[in-house]
Amino acid sequence: MTSLSFEFEANPNPVDAGDRARMLENPGFGKLFTDHMAMVRWSDDKGWHDPKVIARGPLLLDPATAVLHYAQEIFEGLKAYRLDDGAMALFRPRENARRFRESAQRLAMPQLPDELFVGSIEALIAADRDWFPSLDGGSLYLRPFMFASEVFLGVKPASEYLYLVIASPAGNYFKGGAPAISIWVSDHYSRAAPGGTGAAKCGGNYAASLVAQAEAIEQGCDQVVFLDAAERRWIEELGGMNLFFVFDDGSIVTPSLGTILPGITRDSILTLAREQGIAVREAPYAIDQWEADAKSGKLVETFACGTAAVVTPVGKVKSRHGEFVIGSGGPGQVTSALKARLTAIQRGQADDPHGWVHRIA
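What counts and what doesn't
Residues numbered from 1 in each chain as written. Predicted model: local features only at pLDDT ≥ 70, side-chain atom pairs only at ≥ 80, totals over all residues. Heavy atoms only, no water. Helix = DSSP H or I, 4+ residues; strand = E, 2+ residues; numbered from the N terminus. Buried < 20%, exposed > 50% of the residue type's maximum accessible area, 1.4 Å probe, protein only. Contact = heavy atoms within 4.5 Å. Lys, Arg positive; Asp, Glu negative; His and termini not counted. Charge placed at Lys NZ, Arg CZ, Asp CG, Glu CD. Pairing = 2+ DSSP bridges. Core = buried A, V, L, I, M, F, W, Y, C linked by side-chain atoms within 4.5 Å. Axes fitted to C-alpha atoms, helices over the stretch in contact; angles between N-to-C directions. Parallel < 35°, antiparallel > 145°, perpendicular 65-115°, else oblique. Left-handed = near helix turned anticlockwise from the far one by under 90°. Phe/Tyr/Trp six-rings, centres within 6.5 Å; stacked < 30°, edge-to-face > 60°. 1 Å grid on protein atoms, 1.4 Å probe; cavity = no way out; pocket = protein on both sides within 12 Å on 5 of 7 lines; lining within 4 Å. Points joined across faces, edges and corners; volume = space filled by probe spheres on them. Nonpolar A, V, L, I, M, F, W, Y, C, P; charged D, E, K, R; others polar. Patch = residues over 30% accessible without salt bridge, like charges linked within 9 Å, V, L, I, M, F, W, Y side chains within 5 Å. Areas by Shrake-Rupley, 256 points an atom, 1.4 Å probe, with all protein chains shown as cover. Salt bridge = Lys/Arg side-chain N within 4 Å of Asp/Glu carboxyl O.

Caption draft 1: Representation of the overall build of the protein chain. Looking only at helices and strands, the protein chain features 8 helices and 18 strands. Along the three orthogonal principal directions, the C-alpha set of the protein chain runs to about 60 × 50 × 35 Å. The buried share of the protein chain, taken over its 361 residues, is 53%. Sequence separation of at least 24 residues holds for 70% of the intrachain contacts in the protein chain that already meet a minimum separation of 6. Computed over 35 positive and 44 negative side-chain charges, the separation of the two mean positions in the protein chain equals 2 Å.

Below, the structure written as structure tokens:
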């Protein structure tokens, strides 16, 4: 299918405008949803077909639907921003489309064309643009996802899939207004291993991280950091964000790709840092070295990054063996500067030499 024409079926019972305005005063993250959703079907005989924007609502699934048994499911996350001139914009959506295709390939699922991925998001935003929150830092979070919808029991790739996009007005990801987050080191659970699905954005990776994240909360921390599955020594990533380490000589290290998710915010930070003359290395970094460098003062900043939280300073790291503070325990100069530069580009307030901002009329 090459057409990007989405049939539109208006929600017959949209949220009242007054109620919507009150809801958008404090949307939180991931709790509110707009009136519509985009949908495209795929089957062996028809390929991609039947693109629609319809009323958001429950899905009717047979108990034998393949995803419920064999977990063929992938998703993406990106945001729509309101620019100063009132237009809406996406940030590097074709990179999300590329990663969505790569995740599909790893999970033996059909690959959605980039134009159809971007077109589905544009069609949904056109339908629900009134849901954009006006609060400072607000955005419209987009969640494209796809799952095996064939009704069958058998361990093989499904012959039918359903692709959808839903939208959620979003405020700040982290609550409480703390200057930096705290991290718990998981020394028992692993997120991924070589040859596994660590580089794919599939639900199973996140399900496997939840018990470790719950452990982090029990220990009074905001997030969990995973170590490699083989040696339990090399830092990989948080439950949903990539990590960066800033040293006293101004250089930056971030863990190499392979078993971790190739974050789009991660790639953007790498580009912006190098443009500013910062020496950046993608290389293994050990948990014991992290602690030693923080205590000696060699390591001055650590930050996490991802679509939802953008750039977030890490102030404290805790494990079964003790804890250590990074720098002053709050945001550092490099972290703050990179975040300011990135968010300014995303919101159309700075030059965009790479063409990252995708304007929507």
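Caption draft 2: Here's a closer look at the pairing of strand E8 (residues 160-170). With 10 of 11 residues buried, E8 lies mostly within the body of the structure. Pairing of strand E2 (residues 36-43) with E8, which is carried by 6 bridges, proceeds in the antiparallel orientation. When the bridges of E8 are listed, Arg41 appears paired with Leu162. Where strand E7 (residues 139-148) lies against E8, 10 bridges are found, and the strand directions are antiparallel. Among the inter-strand pairings, Ala148 is bridged to a residue of E8, identified as Tyr161.

Caption draft 3: How the structure looks around the nonpolar core. If you look at the biggest cluster of nonpolar residues, it comprises 52 residues, and the most contacted ones within it are Phe117, Ile125, Leu142, Met146 and Tyr163. Residue contributions to this core peak at 7 residues, all from E8. Setting aside residues up to four positions removed in sequence, Ile125 forms contacts with Ala80, Met88, Leu90, Leu140, Leu142 and Ile360.

Caption draft 4: Local environment of the packing of helix H3 (residues 93-106) against helix H4 (residues 114-128). For the pair H3 and H4, interaxial distance at closest approach is 9 Å and the crossing angle is 125 degrees. As summarised for this structure, H3 and H4 are arranged oblique, according to the angle between their axes. Viewed along their axes, H3 and H4 form a crossing whose handedness is right-handed. Residue-level inspection shows Pro93, Arg94, Asn96, Ala97, Arg98, Phe100 and Arg101 of H3 in contact with H4, the latter providing Asp114, Glu115, Phe117 and Val118.

Caption draft 5: Quick look at the packing of aromatic side chains. Per the stated rule, a full pass over the model turns up 13 aromatic pairs. Ring geometry for Tyr70 and Phe152: centres 6.1 Å apart, planes at 35 degrees, overall tilted. Of this pair, Tyr70 sits in helix H2 (residues 67-70) while Phe152 sits in the loop between E7 and E8; the two residues are 82 residues apart in sequence, bridging distant segments of the chain. Phe152 gets classed as buried once you look at its relative accessible area, which sits at 12%. Arranged with centres 5.5 Å apart and planes meeting at 45 degrees, the rings of Phe100 and Phe117 form a pair that is tilted. One end of the pair, Phe100, is in helix H3; the other, Phe117, is in helix H4, with 17 residues separating them in the sequence.

Caption draft 6: Structural detail: empty space enclosed by the protein. One pass over the full model with this rule turns up 2 cavities of 30 Å³ or more. In this structure, the largest cavity spans a volume of roughly 110 Å³. As for the largest cavity, its lining consists of Gly77, Leu78, Lys79, Tyr81, Phe91, Asn96, Ile264, Thr265, Gly306, Thr307, Val310 and Gln346. Put simply, the parts of the chain that give the lining of the largest cavity at least two residues each are strand E5 (78-82) and helix H6 (264-275). Residue contributions to the lining of the largest cavity peak at 3 residues, all from E5. When grouped by side-chain class, the residues that make up the lining of the largest cavity number 5 nonpolar, 6 polar and 1 charged. By volume, the second largest cavity amounts to about 40 Å³. Lining the second largest cavity, in full, are Val300, Glu301, Thr302, Pro313, Val314, Ile326, Gly330, Pro331, Gly332 and Thr335. Put simply, the parts of the chain that give the lining of the second largest cavity at least two residues each are strand E15 (299-306) and strand E16 (310-319). Among the elements that take part in the lining of the second largest cavity, E15 stands out by supplying 3 residues, more than any other. Within the lining of the second largest cavity, the residues separate by chemical class into 5 nonpolar, 4 polar and 1 charged.

Caption draft 7: Spatial organisation of a nonpolar patch on the surface. There is a patch of nonpolar side chains on the surface, built from Leu59, Leu61 and Leu68 and spanning about 250 Å² of accessible area. Here Leu59 is to be found in the loop between strand E3 (47-55) and H2. Relative accessible area serves as the criterion here: at 37%, Leu59 is assigned to the partly exposed category.

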